[in-house]
Structure formats: structure tokens, C-alpha cells
Amino acid sequence: MAEKYRVGIIGCGWMGKSHAQAYAELDNVEMVAASDIHPKALAELQAEHDIPNGYADYHELLVKEDLDIASVCSWPGLHAPMSIAAAEAKVPGIICEKPMARTLGEADAMIAAAEEHGSKLVIGHQGRFRAQTNAIRSLIQDGAIGRVEFLYIQQNGGLSNSSIHNVDYARYILGDPKVEWVMGSVERRTDRYERAQRIEDRAQALIGIAGGVRAVLESDIGDDRRVQPCIVYGSHGSIFPVSNGIRLLTGDGSKEISFKEPNAQALQAKELIEWIEGRREHRGHAQNGRQALEVLLAISASTYTRGIVNFPLEITDYPLDSAIEEGVLPVEQPGAYDIRGYLVRKD
């Protein structure tokens, strides 16, 4: 057991700052290095958290620093090469932000590298550590609403950016069952991107989950007032997430339960340390991140194949690219734009 776990942060933007704030809450970690190609972002993170060593090249960081934990907080297109490089540097613990990768091929390469080099790879679905999420999971396990039959998810902000959290959330509260099939539909009339990755305008899907549970997911259909992380309907009641709590409806009436939320990022990092020490497996291990990614890719694949997609998904590339390039989803309103306002380069 290390006296202080040496942490390096790769990517010093918003998520890098979030990870740094989480590590600052843990007494047994020390942030020793950070990396970013943007000098200003790197300098700001170093100054805010007194991080001594800064690098423009993350490869140099991994070579020079003897890390115990690496946080990969870059854009999705870099998750795979950065995580693989951290594993090859034999970093014991890696937290990679979501989505895990762009494709299942990349995700599998990340998992293989971690296994080969003995690294513990975690994907940043920190919602698994929220008090609200775990209360819903406990109510389901205790049979408070009987047999779970149906889930309704509504989210804005793109499948890979926002809805992937909700898919992971849905699996977690059910005890992480396998997804068996997806039938989805994607609309993309504009040239829409999210952090350099093509994304859809809107989407919907019916998801078949082991045990007979069905889930309906809507992405970017409606406005922010209709966002519902995951309503759970059971044979004897239902659970509605609300601000800072949940509403439980059963035959006995309605009850609202409130929570004070902890720093989920800090709990995620703490559990990684416990996994490194052999005390438990991490609830956000890479196979769970891969399953969430597989569901999201299957929605686009269903549009591409015009039918139900059974799991395991056999498409290892990014099916939305294939649908666009082969004319299944032609751009009708030209003009590439990023939902976060970044400049879209089409080299």
C-alpha cells in the first residue's frame, strides 16, 4: 500500500479540473504531473492545485513520472491511444473519461492493453457513485416496486456525450445485466459534431435487457424541461428521479426522499485505489464502460442496417460514419458545427 498515490492528469480542460478537484479531497493521493497541448490550460491547472510538473506531450509525462494513477481527460478520439500508452507505461490505475472510445475496436484494444500490462482500467461513469443512483438501486434490489418491467430515459446533448451516462446508469441500477438487443433510429440532417466526432441530430431506441426488461431512450427529442435520467416502472410501483432525490410511488402512496450528494468523482478515485490494493473490484471497470458504448453504437448500427441489432455487436468501427459516407444519412443542411462551439476541422 502506497503512502501517497502519485497521480498524473492528461488533459487539463473541464474534466481534468473535475478530476483534480476530486483528488484534492483524498488524503492518500498526490497530484505530481499534468499534461495538455494548450499551455494556458496546463498552467491554470498546475497553479490551482500546486502540481509541480507540466508536460505538453503526455508520452513524456508517462516516461518521466512514476505514476500510480493516470486520469485520461482528453477528447474521446484520444481516449484509446492515451489509455493504451498509460497501460504500456505500467501505470497501476487508469481512469479514462467517457465515452470509453469511439469504436468497439478501440475499446477492446484498451482492455487488452490493460490486461497485458496489469493496469486497472476504469471508465468515468461517476454516476454509479451518486447517492440518488445507489438509493434507486437498493430500492430495486429490495423489491420496493416489484419486478422491474420498463425504463424511460430522455436526455439532450447527443448519444455519446450525455445518453451514454444514462445507459450506464440504467444497467447499474438493475445490477448490470447484459443488453441483448437494440432497435434504434437516428436522424442526422445537419453536419453536427461533438468534440471532433460526428454525432446525430436526434435519436430514439428500444433496448432489450436480460430478464425481460425493456428500455426506451430518447436523445435530443424535446427540450431540457423534459429530461428524465431514468424513470423505473415496476409491477408494483415506480421510481422517479427528481432534483436532489427521488419520488417513490407504490400502492401505499407517494414518498419523496432527499439526498446530500457526495463528490462522485472522489468516490470513483477512492474505489480505484481500493481495487489496486486488492480490496474490491471497481464498479466502473472497463467492461461496463464497453457495454454502455456498445448500446450507443448499436443505435446507429440499427439505422444503418434498418433492423434489430443483436448483441454482441459485430461492427467494430463507428457506424454513424458508415451511414453518412454511404448515403444512408446524407447531410441535407451543410455547415459543420460543434454543439460545444468548437471549430470543426475537416482535414
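Residues numbered from 1 in each chain as written. Predicted model: local features only at pLDDT ≥ 70, side-chain atom pairs only at ≥ 80, totals over all residues. Heavy atoms only, no water.

A. Quick look at the sheet that holds strand β9 (residues 190–194). With mixed pairing, the three strands of this open sheet are ordered in space as β10-β9-β18. In the strand order of this sheet, the two ends are held by β10 (197–198) and β18 (333–338), each with one partner. As judged from the three bridges shared by β9 and β18, these two strands associate in the parallel manner. Paired with Thr 190 across the two strands is Gln 333, which belongs to β18. (Pairing = 2+ DSSP bridges. Helix = DSSP H or I, 4+ residues; strand = E, 2+ residues; numbered from the N terminus.)

B. Seen up close, the sheet that holds strand β14 (residues 237–242). Read across the sheet, nine strands follow the order β16-β15-β14-β13-β7-β12-β11-β8-β17 without closing on themselves; strand pairing throughout is mixed. Edge strands, defined here as strands with exactly one partner in the open sheet, are β16 (253–258) and β17 (309–310). Taken together, the seven bridges between strand β11 (residues 202–209) and strand β12 (residues 213–219) define a ladder with antiparallel strand orientation. Across the sheet, the residue bridging to Leu 206 is Val 216, located in β12. Those strands touched by helix α7 (residues 159–173) are β7 (148–155), β8 (179–187), β11, β12, β13 (228–234) and β14, and its axis lies near 160° from that of β7. With respect to the sheet, helix α9 (residues 286–305) is in contact with β8, β11, β12 and β17, its orientation differing from that of β8 by roughly 55°. (Contact = heavy atoms within 4.5 Å. Axes fitted to C-alpha atoms, helices over the stretch in contact; angles between N-to-C directions.)

C. Summary view of the packing of helix α1 (residues 14–23) against helix α8 (residues 264–276). Contact geometry for α1 and α8: axes closest at 8 Å, N-to-C directions at 70°. Judged on the interaxial angle alone, α8 and α1 are roughly perpendicular. For the pair α1 and α8, the sense of crossing is right-handed. The residues of α8 that touch α1, namely those facing Met 15, Ser 18, His 19, Ala 22 and Tyr 23, are Gln 265, Ala 266 and Ala 269. Looking at the contact of α1 with α8 residue by residue, the class counts come to five nonpolar, three polar and no charged. (Parallel < 35°, antiparallel > 145°, perpendicular 65-115°, else oblique. Left-handed = near helix turned anticlockwise from the far one by under 90°. Nonpolar A, V, L, I, M, F, W, Y, C, P; charged D, E, K, R; others polar.)

D. Inspection of helix α2 (residues 39–49) at higher detail. Along α2, the residues that are buried comprise Ala 41, Leu 42, Leu 45, Gln 46 and His 49. Across the axial projection of α2, the buried residues extend over an arc of 130°, all falling on one side. What points out from α2, more than 90 degrees from its buried face, is the exposed set Pro 39, Lys 40 and Ala 47. Count one or two residues on from α2 and you reach Asp 50, which has phi positive near 55°. (Buried < 20%, exposed > 50% of the residue type's maximum accessible area, 1.4 Å probe, protein only. Arc of directions from axis to C-beta.)

E. The pattern of salt bridges, seen in detail. Counted under the stated rule, the structure contains 26 salt bridges. Here Glu 277 and Arg 279 are joined by a salt bridge, their closest N and O atoms 2.8 Å apart. With relative accessibility at 23%, the residue Glu 277 sits in the partly exposed group. For Arg 279, a relative accessible area of 55% translates into the label exposed. (Salt bridge = Lys/Arg side-chain N within 4 Å of Asp/Glu carboxyl O.)

F. Inspection of the environment of Ile 207 at higher detail. Tracing the chain through its elements places Ile 207 in strand β11. Sequence-wise, Ile 207 and Ala 286 are 79 residues apart; in three dimensions their C-alpha atoms are separated by 21 Å. Leaving out residues up to four positions away in the same chain, Ile 207 has contacts with Val 179, Trp 181, Val 182, Val 213, Arg 214, Ala 215, Leu 217 and Val 295.

G. Molecular detail of the environment of Asn 28. Structurally, Asn 28 can be placed in the loop between α1 and β2 (29–35). By relative accessible area, which is 24% here, Asn 28 ends up partly exposed. Taking the C-alpha atoms as reference points, Asn 28 and Ala 131, 103 residues apart in sequence, are found 23 Å from one another. Those residues within four positions of Asn 28 in sequence are excluded, and the remaining contacts are Glu 3, Lys 4, Tyr 5 and Ile 273.

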